[in-house]
Amino acid sequence: MGHFDLSHRIVLAPLTRNRSYNNVPQPHAAVYYSQRATKGGLLITEATGISDTAQGYPDTPGIWTKEHVEAWKPIVDAVHQKGGIFFLQLWHVGRVSTYDFQPNGQSPISSTDKGITPGLGGVDWAQPRRLRTDEIPGIVNDFRLAAKNAIEAGFDGVEIHGANGYLIEQFLKDQVNDRTDKYGGSMENRARFALEVVEAIVNEIGSNRVGLRLSPYSDFMESVDSNPDALGLYMAKALSEFDLLYLHVIEPRVSGSTVKEAAEDELPHHLLPIRKAFKNALIAAGGYNRKMGNRAIADSYVDLIAYGRLFLANPDLPKRYEIDAALNKYDRSTFYTQDPVIGYTDYPFLE
Ligand SMILES: Cc1cc2nc3c(=O)[nH]c(=O)nc-3n(C[C@H](O)[C@H](O)[C@H](O)COP(=O)(O)O)c2cc1C
């Protein structure tokens, strides 16, 4: 993948784990990520806030202060010691937030002032505030600084979180973005914010260290587009022109962390048009198992497969896949709990 020497095609998908108390990455994250690191294996971190307005969930990590940078360093070192390649996922939740997570209890920012339906998922979502056109360069700059910080912390690169209903997707999708300025309306305008973020980060750290994640087909957090095929294709072409290191796309069968259809062995290859439009490495995620992943690679459908829940529950997933061993089952009840061990670093290895 670009100048990175990968030894296999099994990627750790970004997985929010809510164990970074007060947004500061913790020493137990070094254990967790190094458990999943292999020589020449790509790991993507959990979504990581780019600024003090970027949060919407408890104890998610940040990368906007010196303290965050210093706290990430030993975690990155632990992964590098095992030969892993480690990318940080850069995140701004936009309207997917509550007043509690915002500085001074202010309204979360978004492309729109339309909120998420109150009570969706049992959360009392805040009323968002539509960013003024003249405020957008400041948010782009927050993304740029966060990417710079990630490199300072030792990461090999960053993945821009353009998926799952968060800020970038709130601009991309026409059922959320109701702007009338140059950031709303046409596909070109809706993609402007995302591509300004890409450009700023590429200029800061180089396109060979930048990936981006998309979920055009998802309806997670009420973030929907009326023409997801066109959105995916537009972005694939634009990102190809930026010579982005990789594009990471979530399959239509998944919304957020929920699989809508049963994972089938029959692969519909929905992402083929994106595959054709994007010239560099393509990662697919969402509902994959070993057999489906092998099929997708054998068909040259994508270059890499990101595994979420299965990698969460199987720290040695690449080894288990290599020898076709049985897998641990994941425990959904501990996905988002705060314990530094339980449901986090205590999933057993094969031995
Ligand atoms: C516990 C959990 C946390 C997640 N956190 C993130 C995240 O931080 N960033 C992101 O882009 N996707 C996140 N996702 C989505 C996963 O990366 C992945 O797309 C999804 O789980 C489907 O893949 P899978 O079927 O292999 O689990 C999360 C999913 C789960 C289960």
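Residues numbered from 1 in each chain as written. Predicted model: local features only at pLDDT ≥ 70, side-chain atom pairs only at ≥ 80, totals over all residues. Heavy atoms only, no water.

## Quick notes on the overall build of the protein
And then number 1: Scanning the protein from terminus to terminus reveals 10 helices and 12 strands.
And then number 2: Since a compact globule built from 351 residues should have a radius of gyration of about 20 Å, the 19 Å found for the protein is in line with a globular shape.
And then number 3: For the protein, the proportion of its 351 residues judged to be buried stands at 59%.
And then number 4: Sequence-distant contacts in the protein: of pairs separated by 6 or more residues, those separated by 24 or more amount to 74%. (Helix = DSSP H or I, 4+ residues; strand = E, 2+ residues; numbered from the N terminus. Rg over C-alpha atoms; globule rule 2.2 N^0.38 Å. Buried < 20%, exposed > 50% of the residue type's maximum accessible area, 1.4 Å probe, protein only. Contact = heavy atoms within 4.5 Å.)

## Comments concerning the packing of aromatic side chains
And then number 1: With the rule as written, the count across this model stands at 16 aromatic pairs.
And then number 2: Measuring from ring centre to ring centre gives 4.9 Å for phenylalanine 86 and phenylalanine 155, while their planes differ by 55°; the resulting arrangement is tilted. Pair noted here: phenylalanine 86 is in strand β3 (residues 85-91) and phenylalanine 155 is in the loop between α3 (136-152) and β6 (157-162), with a separation of 69 residues, a long-range link. Here the two residues phenylalanine 86 and phenylalanine 155 agree in accessibility, since each one is buried.
And then number 3: Ring plane angle 40° and centroid distance 5.6 Å describe the contact between tyrosine 330 and phenylalanine 335, whose orientation is recorded as tilted.
And then number 4: By relative accessible area, which is 32% here, tyrosine 330 ends up partly exposed. (Phe/Tyr/Trp six-rings, centres within 6.5 Å; stacked < 30°, edge-to-face > 60°.)

## Observations concerning unusual backbone geometry
In terms of backbone geometry, most residues other than glycine have negative phi values and most peptide bonds are trans.
And then number 1: Here the phi dihedral of aspartate 243 falls at roughly 60°; this positive angle occurs in a residue that is not glycine.
And then number 2: Topologically, aspartate 243 is positioned in the loop between α6 (228-241) and β8 (246-250).
And then number 3: Of note in the backbone geometry, aspartate 324 takes a positive phi value of approximately 55° without being a glycine.
And then number 4: Following the sequence through the fold, aspartate 324 ends up in the segment after α10 (317-323).

## Some details on the site of the ligand
And then number 1: Around the ligand, a shell composed of 19 residues is seen, among which Thr16, Arg213, Gly287, Gly308 and Arg309 lie nearest.
And then number 2: Take asparagine 164: an N or O atom from its side chain is 3.3 Å from a nitrogen atom of the ligand.
And then number 3: Relative to its free-state accessible area of 600 Å², the ligand is covered by the protein chains to the extent of 96%.
And then number 4: Assessed atom by atom at 2 Å from the grid points, the ligand resides in the largest pocket. (Near = heavy atom within 4 Å. Polar contact = N/O pair within 3.5 Å; in protein donor to acceptor, adjacent residues only side chain to side chain. Areas by Shrake-Rupley, 256 points an atom, 1.4 Å probe, with all protein chains shown as cover. 1 Å grid on protein atoms, 1.4 Å probe; cavity = no way out; pocket = protein on both sides within 12 Å on 5 of 7 lines; lining within 4 Å. Sits in = over half its atoms within 2 Å of the grid points.)

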